[in-house]
Amino acid sequence: MAKRTAKRRHAQGTLNVQEFQRDEDRRPRSLKVLDGGWQPPANDLNRAESFVKNVRPKSKGQTALMEAIDTHALVLALGPAGTGKTYLAITKAVEALESGKVGRIVLSRPAVEAGESLGFLPGAMEDKLAPYLRPLYDALQDRLSPKRLKALMAEGLIEIAPVGFMRGRTLNNAFVVIDEAQNCTYGQIKMLLTRLGWSSTMVVTGDPAQTDLLPDLSGLHSVADKLEGVANIAVCRLTDSDIVRHPLVASMLGVL
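No experiment lies behind these values; they were computed from the predicted model shown.

Draft legend 1. Structural detail: the pattern of salt bridges. Across all of its chains, the model carries nine salt bridges by this definition. Between Arg 148 and Glu 98 there is a salt bridge; the shortest N-O distance is 3.2 Å. Residue Arg 148 is located in helix H6 (residues 146-154), and its partner Glu 98 is located in helix H4 (residues 85-99); the two are separated by 50 residues in the primary sequence. The exposure class assigned to Glu 98 is partly exposed, which follows from its relative accessible area of 41%. Put simply, Asp 138 and Arg 134 hold a salt bridge, and the shortest N to O gap is 3.1 Å. Here Asp 138 pairs with Arg 134, and both are found in helix H5 (residues 125-143), just four residues apart, close to one helical turn. The network of salt bridges with shared partners includes Asp 70, Lys 92 and Glu 95.

Here it is in structure tokens:
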């Protein structure tokens, strides 16, 4: 039927729409309606929440560290590699943010190579710092879904910054994690500790035995010794018995 004819018949009221339907469209369909509507599979429900799992301490040292973070405004966690210092600190930071105890998370790490000079890295500032801050991203991705992590960082609720950009800041209502503090000098650690503001918690982690600085430049050990007797400051010293990585890690650290 031509378009002009269809318009004329429509104006006259004699146009039959059923003439344009196919035979299969005219047949009644027997579709079953499920009670309560369609529901997604169980493994698709709250997919983002699948990243949130309960973290429990696996040693006495980890138990003391988690309790210290809950009860102190400043915690220094010293111990060998594999004791979960960074992971537990970031876990507590994410829990505090999700529960509304703090308004943001600030993660900082010194941009120091592990004994090798990488030279100039290409890209913008974020691209240059990405290799140094990668361990923090890995820990965050284990606690948050990629979509949730990207949204929180876009909103500024999670900030990752190198130590060199922390001068002059006051961190109020924040959970601050200073990772790999053994690669900070005494002056740098003093500067970082004095960034602590109101309603904030700061956790400083590091292994004094694995510093990448020149001998006697790391200030973590001396700072921990001086702050151990200050009120509302906890110094947790983890040992080889708290290592939760491969059992060979504890064995190697005992002889190396």
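There is more to say after this.
Draft legend 2. Quick peek at the side chain of Asp 207. Topologically, Asp 207 is positioned in the loop between strand S5 (201-206) and helix H8 (220-227). Buried charged residue Asp 207 carries no salt bridge. Nearest counter-charge: Lys 85, at 5.8 Å. Filtering out sequence-adjacent residues up to four positions away, Asp 207 remains in contact with Gly 79, Pro 80, Ala 81, Lys 85, Gln 182 and Leu 220.

Draft legend 3. Representation of the sheet that holds strand S3 (residues 158-162) within the structure. One open sheet holds the six strands; their spatial order is S3-S2-S4-S5-S1-S6, and the pairing between them is parallel. In this open sheet, the two strands that pair with only one neighbour each are S3 and strand S6 (233-237). Each strand axis lies, on average, 15° off the axis of its neighbour in the sheet, ignoring direction. Of the pairings in the sheet, the one linking strand S1 (residues 74-78) to S6 comprises five bridges and is parallel in character. Bridge assignment links Leu 76 to a residue of S6, and that residue is Val 235. Contacts between H8 and the sheet are confined to S1, S5 and S6, with S1 contributing the most and set at about 130° to the helix.

Each value, and the rule that gives it
- Residues numbered from 1 in each chain as written.
- Predicted model: local features only at pLDDT ≥ 70, side-chain atom pairs only at ≥ 80, totals over all residues.
- Heavy atoms only, no water.
- Salt bridge = Lys/Arg side-chain N within 4 Å of Asp/Glu carboxyl O.
- Helix = DSSP H or I, 4+ residues; strand = E, 2+ residues; numbered from the N terminus.
- Buried < 20%, exposed > 50% of the residue type's maximum accessible area, 1.4 Å probe, protein only.
- Lys, Arg positive; Asp, Glu negative; His and termini not counted.
- Contact = heavy atoms within 4.5 Å.
- Pairing = 2+ DSSP bridges.
- Axes fitted to C-alpha atoms, helices over the stretch in contact; angles between N-to-C directions.

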